[in-house]
Amino acid sequence: MTVARIVAVSPDVNRHLLTLDRGESDGVNLGHPVLNAEGVMGQIIQVGRNASRALLITDVKHGIPVINNRTGQRAIAEGVGRLSQLVIRNLASTSDVSSGDLWVTSGLGARFPAGYPVGLTRETTTSG
């Protein structure tokens, strides 16, 4: 594990990218997960000698395999371009998902280690 500082944030509101002050010389590699005290933040998508760039899981171009910690239901959490929101699409109407359920990394694909917190289910409303 390597501790890094955020040195820049993408000015493009449609992209959720961070520049970190650690790179190849610090052992950072392409695809490494980026974590904070709350869980998964993103993954390394570009590595330089002394800096790297991370794509946050909230970016619209990011998806992460997750599992409901309570029920074992598997899904893909996708970024929607909001820093505090992910979406899980295509859940069966019979899925047992409740407000407050913890979703964690499933380990599927071996990109993210299993068991790291990703987010909590919140109540949603549908209209139309």
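Quick summary incoming for the structure in this document. Just so it is clear, the structure is predicted and the values come from calculations on it, not from any experiment.

About the criteria used
- Residues numbered from 1 in each chain as written.
- Predicted model: local features only at pLDDT ≥ 70, side-chain atom pairs only at ≥ 80, totals over all residues.
- Heavy atoms only, no water.
- 1 Å grid on protein atoms, 1.4 Å probe; cavity = no way out; pocket = protein on both sides within 12 Å on 5 of 7 lines; lining within 4 Å.
- Points joined across faces, edges and corners; volume = space filled by probe spheres on them.
- Helix = DSSP H or I, 4+ residues; strand = E, 2+ residues; numbered from the N terminus.
- Nonpolar A, V, L, I, M, F, W, Y, C, P; charged D, E, K, R; others polar.
- Pairing = 2+ DSSP bridges.
- Axes fitted to C-alpha atoms, helices over the stretch in contact; angles between N-to-C directions.
- Buried < 20%, exposed > 50% of the residue type's maximum accessible area, 1.4 Å probe, protein only.

**Notes on the layout of surface pockets**
Size it by volume and the largest pocket reaches roughly 990 Å³. Those elements that provide at least two residues to the lining of the largest pocket are β4 (39–47), β8 (85–88), β9 (102–105) and β10 (117–120). Here the lining of the largest pocket is composed, by residue class, of 18 nonpolar, 12 polar and three charged. Within this model, the second largest pocket holds a volume of roughly 480 Å³. What lines the second largest pocket is a set of 18 residues, among which M1, T2, P33, V34 and L35 lie closest to the centre. No other element matches the three residues that strand β3 (residues 33–36) contributes to the lining of the second largest pocket. For the lining of the second largest pocket, the residue count by class is 12 nonpolar, four polar and two charged.

**Things to note about the sheet that holds strand β5 (residues 52–56)**
The five strands are arranged β1-β2-β5-β4-β3 in an open sheet whose pairing can be described as antiparallel. Of all the strands in the sheet, just β1 (6–9) and β3 have a single pairing partner and so form its edges. Averaged over all pairs of adjacent strands, the angle between their axes in this sheet comes to 35°, without regard to strand direction.

**Overview of the pairing of strand β2 (residues 17–20)**
Residues L17 and T19 point to one face of β2 and L18 and L20 to the other, with burial holding for every one of them. Summarising the sheet, β1 and β2 pair through three bridges and their orientation is antiparallel. Its bridge partner being in β2, I6 is matched across the sheet by L20. Examined bridge by bridge, β2 and β5 share four bridges and lie antiparallel to one another. Residue pairing across strands places L18 opposite A54, the latter belonging to β5.

**Comments concerning the sheet that holds strand β7 (residues 74–82)**
Each strand in a sheet pairs with another by means of backbone hydrogen bonds, the pair being arranged parallel or else antiparallel. Spatial strand order, β8-β7-β6-β9-β10: five strands in an open sheet with antiparallel pairing. Where the open sheet ends on each side, the last strands, each with one partner, are β8 and β10. The average angle at which neighbouring strand axes cross in this sheet is 40°, direction not considered. By the bridge criterion, five bridges tie strand β6 (residues 63–68) to β7 in an arrangement that is antiparallel. Within the sheet, the bridge partner assigned to V66 lies in β7 and is A75.

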